[in-house]
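Notes for the structure review
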Amino acid sequence: MDSSNGRGPLPRVLAGPGGQAADVLTTLPGADLTTLQLEVARRRAAKLRGPDVLRRYREDRFATPAPLPFETLRRVEDALLSAAPPEFERIQLSPVTPLGTHSTVAGLAQHRVVPTGRGTEVAADPTNGLALEAAVRRTGSAPVRLATLQRVVRAQPPAPGLYAHFSLFAAITAGRDRGSLAFEREHLVEHARFLTDAVRAAGAKSAGFLVTTLDSRFADFAASVQEALPDVAVADDPDRAVGRDYYSGLCFTVTGDFGAGPAPVGDGGFTPWTARLLGNAKERLIISGIGVDRVASLLNAPS
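These lines cover the structure that appears in this document, whether it is placed above or below. (Residues numbered from 1 in each chain as written. Predicted model: local features only at pLDDT ≥ 70, side-chain atom pairs only at ≥ 80, totals over all residues. Heavy atoms only, no water.)

Brief notes about the nonpolar core
Within the largest apolar cluster, 45 residues are counted, with the highest numbers of intra-cluster contacts made by Phe 169, Leu 188 and Phe 209. When residues in this core are grouped by element, the largest group, seven residues, is from helix H8 (residues 182-201). The contact partners of Phe 169, leaving out residues within four places of it in the chain, are Leu 80, Leu 81, Ala 84, Ala 147, Thr 148, Leu 149, Phe 194, Leu 195, Ser 288, Gly 289, Ile 290 and Val 292. Listed in part, the 17 residues of the second largest apolar core include Ala 106, Ala 131, Tyr 247 and Ile 287. (Core = buried A, V, L, I, M, F, W, Y, C linked by side-chain atoms within 4.5 Å. Buried < 20%, exposed > 50% of the residue type's maximum accessible area, 1.4 Å probe, protein only. Helix = DSSP H or I, 4+ residues; strand = E, 2+ residues; numbered from the N terminus. Contact = heavy atoms within 4.5 Å.)

Pasting the structure below:
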């Protein structure tokens, strides 16, 4: 849109209420804010030339390619997807989600997410998108099972082994409370089974499942998983420090031994996301994920 002649909504948007810049922008209606952001991006892009873009491409960790071999990443993706039971519908999520998805649904700090200029944000965790889709599909008593692979972007501080963009295999099961934690027990075993199968299919010599109990009602769940999966090393992990506020009831870590001993490669647990989205305390959700790049880096590590 060319607003240089004074026509269109841009002059009205720029003349908005007084105050600090952030205060002004947050009071704008969504359509006006989008108009302003798009115009700012247009003007900034108009000042750039080819060498400027190339320099940014070389320097910006959000734009450069993944450091891991494409063939290894693809092999891991295929192995993980093939291990998901047929009951899990594979879907392809959009690379963007509505603004506030990660902070409102999952509690992820908003500054860790990359926003766009159109009221959306770049996907930072596929389980959040799957939870939205499950909430749309939830009717009756039948559970909704979904799985996907997604390349996500997360604005986490640079650190060894932490990438600005990476691929995640994710799966969720959404359903209704059946009483006596029956939903939770059944679907924890279901996720534990196919996640550990997936890790072995991706090349691990063995897989482990570490359970952290956040609610005493779940105290015997690790034993239930071990009974159902006698070939998997299941153990309690009461000292887990991360994710305790992210999950409710119980969370878990999936490990794989790719030649250098067990290493964490996946994560999951129960969350209140669909209950929050649908405004129904009877809704239940278990989420899980495996880091594709994490597995690929372990496969590529020196023996």
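Here's the deal with the environment of Asp 125
Within the element layout of this structure, Asp 125 appears in the loop between strand S3 (120-122) and helix H7 (126-137). Along the primary structure Asp 125 and Arg 154 are separated by 29 residues, whereas in three dimensions their C-alpha atoms are 8.3 Å apart. Sequence-distant contacts of Asp 125, that is, excluding residues within four places in its chain, are made with His 102, Gln 150, Val 152, Arg 154 and Tyr 246. Here the side chain of Asp 125 touches Thr 127 through a polar contact of 2.7 Å, side chain to side chain. Separated by 3.4 Å, the side chains of Asp 125 and Tyr 246 make a polar contact. (Polar contact = N/O pair within 3.5 Å; in protein donor to acceptor, adjacent residues only side chain to side chain.)

Considering the packing of aromatic side chains
Considering all chains together, one arrives at seven aromatic pairs under this definition. In textbook terms, an aromatic cluster arises when at least three aromatic residues are bridged by ring pairs, as seen for Phe 88, Phe 169 and Phe 194. (Phe/Tyr/Trp six-rings, centres within 6.5 Å; stacked < 30°, edge-to-face > 60°.)

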